[in-house]
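Analysis of the macromolecular model
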Amino acid sequence: MFKALLVEKNDEGKTSASVTEVSEDQLPEGDVTVAVEYSTVNYKDGLCIGPGGGLVRSYPHVPGIDFAGTVESSDDDRYKPGDKVVLTGWRVGENRWGGYAEKARVKADMLVPLPDGLDTRQAMAVGTAGLTAMLAVMALEDQGIKDGPVLVTGAAGGVGSVATAILARLGHEVAAVTGRPDQADYLKGLGAAQIVAREDLTEVTKKPLEAEQWGGCVDAVAGAMLGRVLKQMQYGSSVAAIGLAGGAAIEGALITPFILRGVNLLGIDSVMQPYDNRVRAWKRIARDLPMDKLEAMVQPATLADLPGLGRDILKGQVKGRVVVDVKA
Ligand code: NDP
């Protein structure tokens, strides 16, 4: 038996989450069993801890869309007991049991060996949000980041915090957009050169274009803000769109930035990234993410804290990265 955050659904369709003992034969099929050390709290976890948001396929369910730990047993030649591994994506924690448990069983293809220079706690301080931030930066680099400030929206959130720290470390002038003015010092500590108030970018205007400002953008927010930001991008620059914390619709005069300024809108999906990309991104994280800055982003938690944290992240009230010590 081992400890897990189990989400159950009653006959009226109402879900409830609690820390419970579960048995190993309840784990899903898979060729590698991992002793989970750390997991994290992402927006999708907030949905899965609660009513599921359409992501969870069956109950009882163990959420946790990412985890890091040590291989306990393996039927796959690529992994042996004692290997340190990290998992993100593959809908783990959504349609199969995830990282909010002391053990997880997955397919070997879903894992990535922990890169040199990262321990399991640091890997989860990065987690899905940090991996996504790195994939976004790599996508911008592939297109070429222009001179001038690089915008990060939803900057005090998980993806935004890591994107801010990586871009600043790489020498870019980061303009961090936040709706929480009290987080300005935190964001400057991560390396942001300027703070932009959320309300400066959420007013929908009829103008087809505005003055060129941003040399690149990592956008976690979409909605009205993305519509506005697109009109302010420099000629030939790119926006890496990773999330929709501010709404699914892009508002405004949409087509003009693309046809009159050659702006690129790059969609980033961390869930189905090919193995080689995931390995490359994790190696870049180990190299380019300042670990002292990472510590400043971390809020520690235990399995028992998760129901409350799940509600907080859905309200956009979590700062930086929550690292769940699964064995605590
Ligand atoms: P967080 O909740 O940690 O951060 C989101 C941030 O967005 C908030 O902290 C807040 O930042 C800002 N925000 C929230 N609501 C609004 C609003 N209404 N208008 C403008 N800004 C808002 O989430 P994550 O960083 O973990 O994830 C961000 C998004 O990315 C989510 O939609 C998530 O589902 C998605 N995602 C996508 C991935 C992918 O593979 N593409 C992977 C991981 C996440 P502030 O307070 O600074 O304004």
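Calculation notes
Residues numbered from 1 in each chain as written. Predicted model: local features only at pLDDT ≥ 70, side-chain atom pairs only at ≥ 80, totals over all residues. Heavy atoms only, no water. Helix = DSSP H or I, 4+ residues; strand = E, 2+ residues; numbered from the N terminus. Rg over C-alpha atoms; globule rule 2.2 N^0.38 Å. Buried < 20%, exposed > 50% of the residue type's maximum accessible area, 1.4 Å probe, protein only. Areas by Shrake-Rupley, 256 points an atom, 1.4 Å probe, with all protein chains shown as cover. Pairing = 2+ DSSP bridges. Axes fitted to C-alpha atoms, helices over the stretch in contact; angles between N-to-C directions. Contact = heavy atoms within 4.5 Å. Domains from an automatic or database assignment. Buried area = accessible area lost by both parts, 1.4 Å probe. Salt bridge = Lys/Arg side-chain N within 4 Å of Asp/Glu carboxyl O. Expected span 1.5 Å × (residues − 1). Near = heavy atom within 4 Å. Polar contact = N/O pair within 3.5 Å; in protein donor to acceptor, adjacent residues only side chain to side chain. Nonpolar A, V, L, I, M, F, W, Y, C, P; charged D, E, K, R; others polar. Right-handed = clockwise from strand over helix to strand, strands pointing away.

1. With respect to the overall build of the protein chain
When helices and strands are tallied, the protein chain shows nine helices and 15 strands. Taken over the C-alpha trace, the protein chain has a radius of gyration of 20 Å; the compact-globule value for 328 residues is 20 Å, and the two agree within 12%. Each principal axis of the C-alpha distribution contributes one length, and for the protein chain these read about 60 × 45 × 35 Å. Relative to its full complement of 328 residues, the protein chain shows a buried share of 56%. Accessible surface, the protein chain: about 13500 Å² in total, of which carbon and sulfur atoms supply 49%.

2. Let's talk about the sheet that holds strand β13 (residues 264-267)
The strand order across the open sheet built from six strands is β10-β9-β8-β11-β12-β13, with neighbouring strands paired in parallel fashion. The sheet is open, and its two edges are formed by β10 (194-197) and β13, each paired on a single side. In this sheet, adjacent strand axes meet at a mean angle of 20 degrees when their direction is disregarded. Relative to strand β9 (residues 174-178), strand β8 (residues 150-152) runs parallel, the two sharing three bridges. Within β9, the position partnered with V152 by the bridge is A176. In this fold helix α2 (residues 120-143) packs onto β11 (216-219), β12 (238-241) and β13, with an angle of close to 155 degrees to the strand it touches most, β12.

3. Considerations on the domain arrangement of the protein chain
Its domain assignment divides the protein chain into domain 1 (2-114 + 295-325) and domain 2 (127-267). Placing a centre on the C-alpha atoms of domain 1 and another on those of domain 2 gives a separation of 29 Å. Residue-level contacts link 13 residues of domain 1 with 14 residues of domain 2. Taken over both partners, the interface formed by domain 1 and domain 2 buries close to 1000 Å², and the fraction arising from carbon and sulfur atoms is 61%. It is M297, K319 and R321 in domain 1 that bury the most area against domain 2; as a group they hold 48% of the surface buried on that side. Inspection of the region where domain 1 meets domain 2 yields zero salt bridges.

4. Notes on helix α3 (residues 158-169)
Every α-helical turn comprises 3.6 residues, leaving residues that sit three or four positions apart pointing alike. Spanning 12 residues, α3 covers 17 Å between terminal C-alpha atoms, matching the ideal 16 Å at 1.5 Å per step. Counting buried positions over the 12 residues of α3 gives 10, a clear majority of the element. Within α3, the full set of buried residues consists of G158, V159, G160, S161, V162, A163, T164, A165, I166 and L167. With its phi angle positive at about 95 degrees, G171 sits one or two positions after the end of α3.

5. Some details on the site of the ligand
Among the 25 residues in the neighbourhood of the ligand, the closest are listed as T178, G179, R180, I268 and S270. In this structure, R180 approaches the ligand through a side-chain N or O atom, which is 2.6 Å from an oxygen atom. The fraction of the free accessible surface of the ligand (920 Å²) that becomes covered by protein chains is 87%. Of all elements in the fold, only α2, α3 and β9 reach the threshold of two or more residues within the shell around the ligand. Looking at the shell around the ligand, its residues break down into 12 nonpolar, 10 polar and three charged.

6. A look at the pairing of β11
Burial of the side chains of β11 extends over both faces: G216 and V218 are buried on one face and C217 and D219 on the other. Examined bridge by bridge, β8 and β11 share three bridges and lie parallel to one another. Residue pairing across strands places V150 opposite G216, the latter belonging to β11. Alignment of β11 against β12, held across three bridges, turns out to be parallel. Bridge assignment links D219 to a residue of β12, and that residue is A241. On the question of chirality, the crossover connecting β11 to the parallel β12 by way of helix α5 (residues 223-232) is right-handed.

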